[in-house]
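Analysis of the macromolecular model
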Amino acid sequence: MVHVKKLRKAAAFLLIAVTLVLAGFMPKAAAAGVTSAAGLVSTSSGALNVRSSAGTSGAILTKLYAGTYVTLITKTGSWWYVEYAPSAYGYVSADYIKYVYGTYAVQVAASSGNLNVRSGAGTSYGVIGTIPSGRTVLVLSESGGWDRVLYNGTATGYVSTSYLKSLMAWPAPASHKINQYFSSAHNGVDIGSSVHGVAGDSVTAAMAGKVVYAGTLDGYGYVVYINSYYNGQPIQTRYAHLMSAPLVSAGAYVGVGQRIGYMGNTGESTGAHLHFEVRLRNSSADCIANADSTPVNPLNYVK
Ligand SMILES: [Zn+2]
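So, a few notes on the structure that sits alongside this text. Predicted model only: the values in this text are computed from it and were never measured.

Examining the overall build of the protein chain
When you go through the protein chain residue by residue, the secondary structure sums to two helices and 24 strands. Residue pairs in contact within the protein chain that sit at least 24 positions apart in sequence constitute 59% of those at least 6 positions apart.

Given below as structure tokens:
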């Protein structure tokens, strides 16, 4: 009986371990229904195939046409995982997708349950759809209290800005331990590793955006800077003391929740942790200098 019990325990442990590993590899953002970034289909002729897997051998699920927007979730190699219809997902070749920089994800928070989508920026325009509260959409542009949004994968329309809430995802999915809070002497928060002192937890992008620095820098050790927008405000997130060289390079565009490196102990650090910063940028430029941004308390932004 002891052996059976042990086997059962081992089997249960294995199941949990496998589930955790799979969860780590699954495009988490899609599962949570979290929108990441907007892409513009830019085929020179014909349509872009949406496939069931990240390769030309994947079955064709549908086609997208040049000039249409599509919701990008996360990038794997040269393929984007996209939402192409409400809660329907597939892969497209990144060669034919123009990343629309400057868009940002927001969550619909309408008290009545559904938010009206209109054909233009104002209540005089007709209602062309509705978006349920809790759904995330992407802001493509803003004008006078109305935002043009991308929703349901490829649909666009106008919604009132007052029912939208900006989103930032937690950058260390395996741990919510705070070892050190933000202060005038500490520009970010320190997030402890899931197992004390052990490096290797995934570090993921808190917002979709453009990698403007990836490498070693001063006391940061291995660090990644990502420039994004939060409610239209240019913002920068920094992820420091990574275990090893980042998984992304400067110039790359990343999706929210995309793994960019592993929690570690490089630079001026005493023990494995993530030093996470949120900084308000002074301009929309691809700045990286400290003087070009102001650090703010990440816990006022991140979920
Ligand atoms: Zn720190």
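Looking at unusual backbone geometry
Positive phi, normally seen in glycine, also occurs at Ser87, with a value near 55 degrees. Residue placement: Ser87 occurs in the loop between β5 (79-85) and β6 (88-93). Accessibility expressed as a C-beta count within 10 Å gives 10 for Ser87, which makes it exposed. Located in the positive-phi region is Asn152, a residue other than glycine, with phi close to 50 degrees.

Overview of the pairing of strand β1 (residues 37-41)
Of all five residues in β1, four are buried, a share of seventy percent or more. Relative to strand β4 (residues 69-76), β1 runs antiparallel, the two being bridged by four bridges. Of the residues in β4, the one forming a bridge with Ala38 is Thr71. The sheet contact formed by β1 and strand β7 (residues 97-99) spans three bridges and is antiparallel. Looking at the pairing, Leu40 lines up with Lys98 of β7.

Digging into the environment of Leu140
Its place among the elements puts Leu140 in strand β11 (residues 136-143). Here Leu140 falls in the partly exposed class, since 18 other C-beta atoms lie within 10 Å of it. Note: C-alpha distance between Leu140 and Leu150 (ten residues apart in sequence) is 6.8 Å. Non-local contacts of Leu140, meaning those with residues more than four positions away in its chain, are made with Ala38, Thr103, Arg148, Val149, Leu150 and Thr156.

Cut-offs applied
- Residues numbered from 1 in each chain as written.
- Predicted model: local features only at pLDDT ≥ 70, side-chain atom pairs only at ≥ 80, totals over all residues.
- Helix = DSSP H or I, 4+ residues; strand = E, 2+ residues; numbered from the N terminus.
- Contact = placed C-beta atoms within 7 Å.
- Buried ≥ 20, exposed ≤ 12 C-beta atoms within 10 Å, placed from the backbone.
- Pairing = 2+ DSSP bridges.

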